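Here's the letter readout for the chains.
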Amino acid sequence: MNEGQLMRDRIREAEEVLRAGMSGRRPQVAIILGSGLNPLAEELEDAISIRYGEVPHMKQSTALGHVGRFVCGTLGAVEVLCMQGRLHAYEGYTSQELAFPIRLIASLGIGTLIVTNAVGAINEGYEVGDFCIMRDHINFTGRNPVAAPEAAALAERFFSMTDAYDPELRTLAHTVARAQDIRVQEGVYLGLLGPSFETPAEIRMFRAWGADTVAMSAVEEVIAARHRGMRVLGISLVTNMAAGVQGASPNGAEVLETARMKEADFSRLIRGIVAAI
Ligand code: HPA
């Protein structure tokens, strides 16, 4: 069996389990909940959850604050599928493993993906507690989930990453945030492997490259989603200033603490965006 067929079979096996678990529901929007942002899934109504461990070929979330299950339910009046907890490269997962749930979500016919994460701010005009809509990204992980024969077999190998973060969805997110009086920025996100935080010298270099925020997730997911033609919106929460910015030396506890403080605003914002999509 060729690699492409093997990948398609794996996705189909996972899809069967997820579809059975969702018992006839047809979510149109998928949301990946980042560090400290997992509690949103608890707000879904008529929720059904399926642990990653129950889904064939799916890896586990081991990161702090990441639950590790799919939760399907309604947010407002909209049917959504949340990944309550994501997989990270720093947990030792390959790019193919990180992309697997995204490919699974695409195969379920879900056309829109909202990725969320906690980020450090490189841009000195940003403040801790700001939300930031991703305008574009810099993939500094050194990896790409489509750089594998089985992945290239799923869809066209060469595809555009211009406007990878859907311009209409970005406008919509700004409109919702303004109406809710929630402070949002829009900037370029730089994703890297982690798990060490960056050095101040790296942050200075990233600023010169045009990056506004930095974290250890999302870029590989977004590439996998664009490969399958999904519309993507990226929303970050600035949990800390990046290393060396205003003397900062970030740590994991600070990230989770800020996320906890902004939990209510985050769910209001995502709820509003989902309702307006
Ligand atoms: N660097 C990398 N990842 C992060 C940060 C940061 O400053 N904050 C939250 N995730």
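Refer to the preceding data block for the structure.
Now for a quick tour of the structure. In this text the structure is predicted, and so the values were computed from the model without any measurement.

### Some details on the site of the ligand
At step 1: Contacts to the ligand come from A118, V119, G120, F197, E198, V214, A215, M216, T239, N240, P250 and V255.
At step 2: For the ligand, a nitrogen atom lies 3.3 Å from a polar atom in the backbone of G120.
At step 3: N240 places a side-chain nitrogen or oxygen 2.7 Å from a nitrogen atom of the ligand.
At step 4: Surface burial for the ligand is 95%, taken as the share of its 260 Å² of free accessible area covered by protein chains.

### Description of the packing of aromatic side chains
At step 1: Under the counting rule described, the total for this entry stands at five aromatic pairs.
At step 2: Relative to W209, the ring of F140 lies with its centre 5.3 Å away and its plane at 70°, an arrangement referred to as edge-to-face. Pair noted here: F140 is in the loop between β6 (131-139) and α3 (149-152) and W209 is in the loop between α5 (200-208) and β8 (213-215), with a separation of 69 residues, a long-range link.
At step 3: Residue W209 is classed as partly exposed on the basis of its relative accessible area, which comes to 41%.

### With respect to the nonpolar core
At step 1: Counting 59 residues, the largest nonpolar core has F70 and L81 as the members making the most contacts within it.
At step 2: With seven residues, helix α2 (residues 95-107) is the largest single contributor of residues to this core.
At step 3: Apart from residues lying up to four places away in sequence, L81 is in contact with L18, M22, P27, V29, A30, I31, F70, V71, C72, I105, L108 and I110.

### Some thoughts on the pattern of salt bridges
At step 1: Tallied over the entire structure, the rule returns 20 salt bridges.
At step 2: E54 is the salt-bridge partner of R51, the closest N and O atoms lying 3.6 Å from each other.
At step 3: Classification of E54 as partly exposed rests on a relative accessible area of 40%.
At step 4: Across the pair E186 and R135 runs a salt bridge whose closest N-O atoms are separated by 3.1 Å. Of this pair, E186 sits in strand β7 (residues 184-191) while R135 is found in strand β6, placing the two residues 51 residues apart along the sequence.

### Notes on the side chain of E221
At step 1: Within the secondary structure, E221 sits in helix α6 (residues 219-227).
At step 2: Apart from residues no more than four positions distant in its own chain, E221 is found in contact with I32, R86, L87, I102 and V115.

### Re the packing of helix α4 (residues 167-179) against helix α8 (residues 263-276)
At step 1: Packing of α4 against α8 brings their axes to within 9 Å, and their N-to-C directions diverge by 125°. Here α8 runs oblique to α4, going by the angle between their axes. Crossing angle aside, the handedness with which α4 passes α8 is right-handed. The residues of α8 that touch α4, namely those facing L172, A173, V176 and A177, are L269, G272, I273 and A276.

### Some thoughts on the packing of helix α1 (residues 3-22) against α2
At step 1: Look at α1 against α2: their axes get within 9 Å of each other, and the N-to-C directions meet at 60°. Here α1 lies oblique to α2, going by the angle between them. With respect to the hand of their crossing, α1 and α2 are arranged in right-handed fashion. Facing α1, whose interface residues are M7, R10, I11, A14, E15, L18 and R19, α2 presents Q96, F100, R103, L104 and S107.
At step 2: Split into classes, the residues belonging to the contact of α1 with α2 amount to six nonpolar, two polar and four charged.

### Considering the environment of V274
At step 1: Assignment of secondary structure puts V274 in helix α8.
At step 2: Residues V274 and I31, 243 residues apart in the sequence, show an inter-C-alpha distance of 9.6 Å.
At step 3: Excluding residues that lie within four positions of it along the chain, V274 makes contacts with I31, L75, V78, V80 and I114.

### Looking at the pairing of strand β9 (residues 231-241)
At step 1: With ten of eleven residues buried, β9 is to be regarded as a mostly interior element.
At step 2: For strand β5 (residues 112-121) and β9, the ladder comprises ten bridges, and the chain directions are parallel. Directly across from T116, in β9, lies its bridge partner I235.
At step 3: Across three bridges, the pairing between β6 and β9 is antiparallel. Counted as the bridge partner of F131 is L237 from β9.

Parameters at a glance
- Every chain is numbered on its own, with residues counted from 1 as its sequence reads.
- Where totals are concerned, whole chains, interfaces and linings use all residues; where local detail is concerned, this predicted model gives features only for residues with pLDDT of at least 70, and gives and counts side-chain atom pairs only at 80 or more.
- For the side-chain quantities, the full set of heavy atoms in the structure was used; hydrogens and water were omitted.
- What makes a residue near a molecule or strand is one non-hydrogen atom of that residue sitting within 4 Å of it.
- Two N or O atoms form a polar contact when they lie within 3.5 Å of each other; inside protein one atom must be a possible hydrogen donor and the other a possible acceptor, and for residues adjacent in sequence the pair counts only when both atoms belong to side chains.
- Areas reported as accessible are Shrake-Rupley estimates using a 1.4 Å probe. Residue values count occlusion only from the protein chains shown.
- Aromatic pairing here means that ring centres of Phe, Tyr or Trp (its six-membered ring) are within 6.5 Å. Orientation follows from the plane angle: under 30 degrees is stacked, over 60 is edge-to-face, and everything else is tilted.
- Helix and strand labels come from DSSP, where a helix needs a run of H or I of at least four residues and a strand needs a run of E of at least two; each type is numbered from the N terminus.
- Residue exposure (1.4 Å probe, protein chains only): buried if accessible area is under 20% of the type maximum, exposed if over 50%, otherwise partly exposed.
- To define a nonpolar core, start from buried Ala, Val, Leu, Ile, Met, Phe, Trp, Tyr and Cys residues and group those joined through side-chain atoms within 4.5 Å.
- Contacts are assigned to residue pairs with any non-hydrogen atoms lying within 4.5 Å of each other.
- What counts as a salt bridge is simple: a side-chain nitrogen of Lys or Arg found within 4 Å of a carboxyl oxygen of Asp or Glu.
- Axis definition: a line fitted to C-alpha atoms, over the contacting stretch in the case of helices. Angles run 0 to 180 degrees between N-to-C directions.
- Working definition: roughly parallel below 35 degrees, roughly antiparallel above 145 degrees, roughly perpendicular at 65 to 115 degrees, and oblique for all remaining angles.
- The hand of a helix crossing depends on one turn: near helix anticlockwise from the far one by less than a right angle means left-handed, and clockwise means right-handed.
- Gly falls in the polar group here, along with every residue not listed as nonpolar (Ala, Val, Leu, Ile, Met, Phe, Trp, Tyr, Cys, Pro) or charged (Asp, Glu, Lys, Arg).
- Any two strands are treated as partners once DSSP identifies two or more bridges connecting them.

The values reported here are purely geometric and, on their own, carry no functional implication.
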